[in-house]
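# Chains, contacts and geometry: an overview
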Amino acid sequence: VQLQACGGGLVQAGGSLRLSCAASGRTFSSYHMGWFRQAPGKEREFVAAISWRGAATVYADSVKGRFTISRDNAKSTVYLQMNSLKPEDTAVYYCAAAYIWSQTQYDYWGHGTLVTVSS
C-alpha cells in the first residue's frame with residue numbers, strides 16, 4: 001500500500017490542523033493505521049492509532065484529549081485532527097499502516113508532512 005500524507009503547515013499555538021493520509025494499492029480497510037511524528041533532533045514517536053474498522057483508537061499521553069484519529073475506509077483515508085496545538089507539537093508527521101494492532105510495528109510508511117506551531 002502507498003501512503004501520502006498532507007495537511008501540514010504553520011499554525012499559531014492554540015490553533016488547529018487536520019492531517020490527511022490517502023492510501024492506494026491494496027485494500028485500505030485491511031490495515032490498522034497510525035500516525036507518528038519526529039521533531040528536530042528527536043526520535044520518531046507514536047502519536048495515535050486506529051483499528052482497521054475504526055472501533056478502537058489509542059493515543060500517546062502527550063496528545064490525548066487534543067488530537068483525534070479517524071478513518072474513512074470508503075475514501076481510503078485516515079485523518080488526524082489536531083486541536084489546541086502547542087509549540088512542542090512541531091514535527092514531521094507520518095502515517096503508517098500495519099497488519100497487526102500495535103504502537104510500534106508498522107509495515108508501510110508514507111512521506112511526512114511538516115507541522116510547525118509558533119508560540
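Everything here concerns the structure above.
Values in this document were obtained by computation on a predicted structure and should not be read as measured data.

### Let's talk about the pattern of salt bridges
Following the criterion strictly, the structure yields four salt bridges and no others. Arg-37 is the partner of Asp-89 in a salt bridge, and the nearest nitrogen-oxygen pair spans 2.9 Å. Highlighted residues: Asp-89 in the loop between strand E8 (77–82) and strand E9 (91–98) and Arg-37 in strand E4 (residues 32–38), separated in sequence by 52 residues. The closest approach of N and O atoms between Asp-61 and Lys-64, which form a salt bridge, is 3.1 Å. Shared partners join several salt bridges into a network, and the residues in it are Arg-37, Glu-45, Arg-66 and Asp-89.

### Some details on the side chain of Ser-102
By the secondary structure assignment, Ser-102 is in the loop between E9 and strand E10 (108–109). Among the polar contacts listed, one links the side chain of Ser-102 to the backbone nitrogen of Gln-105, at a separation of 2.8 Å.

### What to know about the state of the cysteines
Following the criterion strictly, the structure yields one disulfide and no others. The partner cysteine of Cys-21 in its disulfide is Cys-95, sulfur to sulfur 2.0 Å. Here Cys-21 and Cys-95 share a disulfide; its torsion about the S-S bond, 55 degrees, makes the bridge right-handed. Separated by 74 residues along the polypeptide, Cys-21 in strand E3 (residues 17–24) and Cys-95 in strand E9 bring together distant segments of the chain. With no disulfide partner, Cys-6 has as its closest neighbouring cysteine sulfur the one in Cys-21, 8.3 Å distant.

### Quick word on the sheet that holds strand E7 (residues 67–72)
What the four strands build is an open sheet, ordered E1-E3-E8-E7; its pairing is antiparallel. The open sheet is flanked by strand E1 (2–6) and E7, the only strands paired with a single partner. Pairs of neighbouring strands in the sheet enclose a mean axial angle of 15 degrees, with direction left out of account. The sheet contact formed by E3 and E8 spans six bridges and is antiparallel. When the bridges of E8 are listed, Leu-19 appears paired with Leu-80.

Parameters and conventions
Residues numbered from 1 in each chain as written. Predicted model: local features only at pLDDT ≥ 70, side-chain atom pairs only at ≥ 80, totals over all residues. Heavy atoms only, no water. Salt bridge = Lys/Arg side-chain N within 4 Å of Asp/Glu carboxyl O. Helix = DSSP H or I, 4+ residues; strand = E, 2+ residues; numbered from the N terminus. Polar contact = N/O pair within 3.5 Å; in protein donor to acceptor, adjacent residues only side chain to side chain. Disulfide = S-S within 2.5 Å. Pairing = 2+ DSSP bridges. Axes fitted to C-alpha atoms, helices over the stretch in contact; angles between N-to-C directions.

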